[in-house]
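# Residue-level structural notes
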Amino acid sequence: MNIDDFNLLAKLIRDRSGLNLTKDKGYLLESRLLPVARQHNLKTLEELTMKLRSRPDNALVRDVVEAMTTNESFFFRDVKPFDQFKGVVLPHLLATKSATRSIKIWSAACSSGQEPYSLAMILKEEKAKLQGWNIDIVATDLSTQILSKAQAGQYAQFEVQRGLPIQYLVKYFKQQGDRWQIDQSIRDMVRFRPLNLLEDFSSLGNFDVIFCRNVLIYFDQPTKTIVLERMSRQLSNDGFLFLGGAETVVGITNKFQTTVNQRGLYQQAGATHKLAGS
Ligand SMILES: C[S@@+](CC[C@H](N)C(=O)[O-])C[C@H]1O[C@@H](n2cnc3c(N)ncnc32)[C@H](O)[C@@H]1O
C-alpha cells in the first residue's frame with residue numbers, strides 16, 4: 001500500500017475510533033480491509049481508498065472503522081477484576097449505597113458481551129444480598145456488528161471454554177446445535193447501546209462502577225486522558241473504575257487514584273469512602 005493511502009486510512013480510523021495505527025501495522029489494513037472492499041463491490045484497496053477520497057458513504061466508512069477494531073474478549077477475563085468486583089466493590093457499594101439501594105454499572109467497550117454478562121452472572125449469584133436493590137448494567141461499544149452478537153448472547157464452544165466456570169455454563173447456558181445460548185434472565189439484566197468513547201457520553205448518566213478494559217491501549221495518550229477525564233465526570237464520587245491489565249491512570253490523569261493491593265481498580269481522586277487500606 002502506498003504511503004498516501006496508508007495515511008488516509010490511518011487518519012480516518014484514528015479520527016473515528018481513536019485507534020492509533022503505526023506504519024508497521026500496514027499489513028493489518030490490508031488483511032482486514034480487503035474483505036470490506038469486496039463487500040462494497042470494490043476490487044482492491046486502491047479502489048477502496050479512491051472511493052473514500054471521492055465519494056465516501058457512511059456505510060463504507062463505518063465498515064472500514066469497525067473492521068479495524070479488535071474484539072477479543074472472554075468471560076471473566078483475567079479473573080481478578082471479577083473477584084475484586086464481587087469481593088471488594090460490591091460489599092463496599094452495599095454498605096455505602098444502602099440509602100438509595102441502586103447500583104449502576106457501565107461496561108464501556110463491551111465487545112461481544114462476555115464482560116457485562118460475567119458481571120450479570122455474579123450479581124445473579126449474589127441476589128440474596130441484593131433483594132430490593134435496583135441494578136442496571138449498561139454495555140456499549142463502537143462496533144454495531146459486535147453489539148448484535150453481544151445482544152444475541154450466543155457463543156461458540158471455544159468461547160464458553162475460555163474463562164467461564166463450568167457451573168455457570170451448566171446453570172446459565174443452553175446448547176443449541178453448535179452454539180451456547182445465554183439465559184434470558186441474564187440477557188435481560190444488560191442494556192446494550194452503540195457508543196463511541198470519542199464522542200460525548202454524558203447522556204448515559206452517572207455510574208457507580210465503570211469497566212473500561214482493554215480499549216484504552218489502542219488510543220494515544222491525549223485521547224486516553226480525554227476519555228478518562230470524561231469518565232470521571234460520569235462516575236459517582238464513591239464509584240470505581242476497572243482498567244485492563246496493560247492500562248493505568250498513572251501519568252495520564254490525576255482524576256483517579258490507585259487502590260492499595262487492588263491492581264487495576266481505581267477510585268475517584270476525591271472519593272469520600274475510600275476502600276479500606278487506601
Ligand atoms: C479488545 S475489546 C475489549 C472487550 C472487553 N472490554 C474486554 O476487556 O474483554 C475492545 C473493544 O473496544 C471497542 N472500541 C474500539 N474503539 C472504540 C471507541 N472509540 N469507542 C467505543 N468502543 C471502542 C472495539 O469495538 C472492541 O469491541
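Because the structure is a prediction, the values reported are computed rather than measured. (Residues numbered from 1 in each chain as written. Predicted model: local features only at pLDDT ≥ 70, side-chain atom pairs only at ≥ 80, totals over all residues.)

### Structural notes on helix α1 (residues 3-17)
- Given a rise of 1.5 Å per residue, 15 residues ought to cover 21 Å, and the 21 Å separating the end C-alpha atoms of α1 matches this to within 8%.
- Looking at the buried residues of α1, the elements they touch are α2 (26-39), α3 (45-54) and α4 (58-67).
- Following α1 by one or two positions, Gly18 has its phi on the positive side, about 90 degrees. (Helix = DSSP H or I, 4+ residues; strand = E, 2+ residues; numbered from the N terminus. Expected span 1.5 Å × (residues − 1). Contact = placed C-beta atoms within 7 Å.)

### Thoughts on the site of the ligand
- Taken together, 23 residues surround the ligand, and among them Thr69, Ser73, Ala109, Ser111 and Leu142 come closest.
- Across the shell around the ligand, the residue classes tally to seven nonpolar, eleven polar and five charged. (Near = placed C-beta within 6 Å. Nonpolar A, V, L, I, M, F, W, Y, C, P; charged D, E, K, R; others polar.)

### Overview of the packing of α1 against α3
- Contact geometry of α1 with α3 gives a least axis separation of 10 Å together with a crossing angle of 60 degrees. Overall, the two elements α1 and α3 adopt an arrangement that is oblique. Along this stretch, α1 crosses α3, giving a crossing that reads as left-handed. For the pair α1 and α3, the contacting residues are Asp5, Leu8, Leu9 and Leu12 in the first and Leu45, Glu46, Thr49, Leu52 and Arg53 in the second.
- Residues that form the contact of α1 with α3 fall into these classes: five nonpolar, one polar and three charged. (Axes fitted to C-alpha atoms, helices over the stretch in contact; angles between N-to-C directions. Parallel < 35°, antiparallel > 145°, perpendicular 65-115°, else oblique. Left-handed = near helix turned anticlockwise from the far one by under 90°.)

### A closer look at the pairing of strand β1 (residues 102-108)
- By the criterion of burial, β1 is predominantly enclosed, with six of the seven residues buried.
- Sheet topology note: the β1/strand β2 (residues 134-141) ladder contains seven bridges and is parallel. Bridge pairing links Ser102 to Asn134 in β2.
- With helix α6 (residues 114-125) bridging β1 and its parallel neighbour β2, the resulting β-α-β unit is right-handed.
- One ladder, built from three bridges, connects β1 with strand β7 (residues 207-212); its direction is parallel. Considered in β7, the bridge of Ser107 is made with Phe211. (Buried ≥ 20, exposed ≤ 12 C-beta atoms within 10 Å, placed from the backbone. Pairing = 2+ DSSP bridges. Right-handed = clockwise from strand over helix to strand, strands pointing away.)

### Concerning the sheet that holds strand β5 (residues 179-182)
- Judged by pairing direction, the sheet is antiparallel, and its three strands sit side by side in the order β3-β5-β4 without closing on themselves. Edge strands, defined here as strands with exactly one partner in the open sheet, are β3 (154-156) and β4 (173-176). Strand-to-strand twist across the sheet, computed as the mean angle between neighbouring axes with direction ignored, equals 35 degrees.
- Bridging between β4 and β5 involves four bridges; their strand directions are antiparallel.

### What about the packing of helix α5 (residues 80-96) against α6?
- Two elements in contact, α5 and α6, have axes whose closest approach is 11 Å; the angle formed by their N-to-C orientations is 35 degrees. As α5 packs across α6, the resulting crossing turns out to be right-handed. Within the contact between the two elements, α5 uses Phe82, Phe85 and Lys86 and α6 uses Ser118, Leu119 and Ile122.
- Classifying every residue of the contact of α5 with α6 by side-chain character gives four nonpolar, one polar and one charged.

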